[in-house]
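Fold and geometry: a report
Take a look at the letters that make up each chain.
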Amino acid sequence: MTDVDAGFWTTVADTVAAVCLLAGAFLTFAAGVGTVRFPSLLARMHAVTKPQVLGLILGLTALALRVRSWSAVAMLVLVVIFQLATAPVGAHLVSRAGFRTGKVDESELRPNEMDPGSTDDPH
């Protein structure tokens, strides 16, 4: 069995961190492109929340691999937890506000569960 020096594991961690950082940057860029290119409010919100959160998680994973400090990693885990808790709530509130102000094309919603007078029963 051969001994593996600490420099090898540092190189592996740095390489994984670089891959995570590039993947996170790509997903964040994709979220920005989706915001500009998608036609409706709901499609834009989907394009922003999904890849943006995963891009942030990948970026913070890369940072944790680079820093290698338990206190910093604990702080980064808290940032991820708060992001996962607040991004869906924020997207939901913005979509409800968009629906109530008439920014959402109601023909795209099947069934329209937001309409109190709707007789469409999906069950």
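Look up a bit, the structure's there.
Here's what I pulled together on the structure shown here.

1. Section: the environment of Ala 87
Structurally, Ala 87 can be placed in helix H3 (residues 70-100). Judged by relative accessible area, Ala 87 falls into the buried class, the value being 16%. Remark: the alpha-carbon pair of Ala 87 and Gln 52, spanning 35 residues in sequence, is separated by 9.4 Å. The residues touching Ala 87, leaving out its near neighbours within four places in the chain, are Thr 49 and Val 53.

2. Regarding H3
Residue pairs spaced three or four apart in an α-helix point in one direction, given the helix's 3.6 residues per turn. Over its 31 residues, H3 runs 45 Å from end to end, which matches the ideal 45 Å to within 8%, given 1.5 Å per residue. Thr 86 marks the point of greatest bend in H3, at about 25 degrees, and the proline Pro 88 comes within the next four residues. Phi turns positive, to about 85 degrees, at Gly 102, one or two residues after H3.

3. Things to note about a nonpolar patch on the surface
A grouping of Met 75, Val 77, Leu 78, Val 79, Ile 81 and Phe 82 is seen on the molecular surface, where their side chains present a nonpolar patch of about 560 Å² in accessible area. Checked against the element boundaries, Val 79 lands in helix H3. Overall, Val 79 belongs to the partly exposed group, its relative accessible area being 35%.

4. Let's talk about the packing of helix H1 (residues 6-37) against helix H2 (residues 41-67)
Two elements in contact, H1 and H2, have axes whose closest approach is 7 Å; the angle formed by their N-to-C orientations is 160 degrees. The orientation of H1 relative to H2 falls into the category roughly antiparallel. As H1 runs across H2, the sense of the crossing is left-handed.

5. Structural notes on unusual backbone geometry
A positive phi angle is found at Arg 68, which is not glycine, with a value near 55 degrees. For Arg 68, a relative accessible area of 43% gives the class partly exposed.

6. Comments concerning the packing of aromatic side chains
Following the criterion strictly, the structure yields one aromatic pair and no others. Here Phe 8 and Trp 9 contribute two aromatic rings whose centre-to-centre distance is 5.1 Å and whose plane-to-plane angle is 75 degrees, an arrangement assigned as edge-to-face. A relative accessible area of 42% means that Phe 8 is categorised as partly exposed.

Rules used in this analysis
- Residue numbers here run from 1 along each chain, matching the order of that chain's written sequence.
- Totals for whole chains, interfaces and linings use all residues, but because this is a predicted model, local features are given only for residues with pLDDT of at least 70 and pairs of side-chain atoms are given and counted only at 80 or more.
- Excluded from the side-chain calculations are hydrogens and water; all other atoms, namely the structure's heavy atoms, are used.
- Under the scheme used here, helices are H or I runs from DSSP no shorter than 4 residues and strands are E runs no shorter than 2 residues, and both carry numbers assigned from the N terminus.
- Burial here depends on accessible area, computed with a 1.4 Å probe over protein chains only, as a share of the maximum for the residue type. Under 20% is buried, over 50% is exposed, and the range in between is partly exposed.
- In this analysis, two residues are considered to be in contact whenever any of their non-hydrogen atoms come within 4.5 Å of each other.
- To estimate the expected span of a helix, count its residues, drop one, and scale the result by 1.5 Å.
- The angle separating two fitted axes, one through the seven residues that finish at a residue and one through the seven that start at it, defines the bend at that residue.
- Excluding any residue in a salt bridge, patches collect residues exceeding 30% relative accessible area, merging like charges within 9 Å and nonpolar Val, Leu, Ile, Met, Phe, Trp and Tyr side chains within 5 Å.
- To be clear on the numbers: accessible area is Shrake-Rupley with a 1.4 Å probe, and residue cover counts the displayed protein chains and nothing else.
- By salt bridge we mean one thing: a side-chain nitrogen of Lys or Arg within 4 Å of a carboxyl oxygen of Asp or Glu.
- Note on geometry: axes are C-alpha line fits, over the in-contact stretch for helices, and angles between N-to-C directions span 0 to 180 degrees.
- Each angle is binned into one of four classes, with values under 35 degrees roughly parallel, values over 145 roughly antiparallel, values of 65 to 115 roughly perpendicular, and all other values oblique.
- The sense of a crossing depends on the near helix, which, turned anticlockwise from the far helix by less than a right angle, makes the crossing left-handed and, turned clockwise, makes it right-handed.
- Each aromatic pair joins two rings of Phe, Tyr and Trp (for Trp, the six-membered one) with centres within 6.5 Å, and gets the label stacked for planes under 30 degrees apart, edge-to-face for over 60, and tilted for any other angle.

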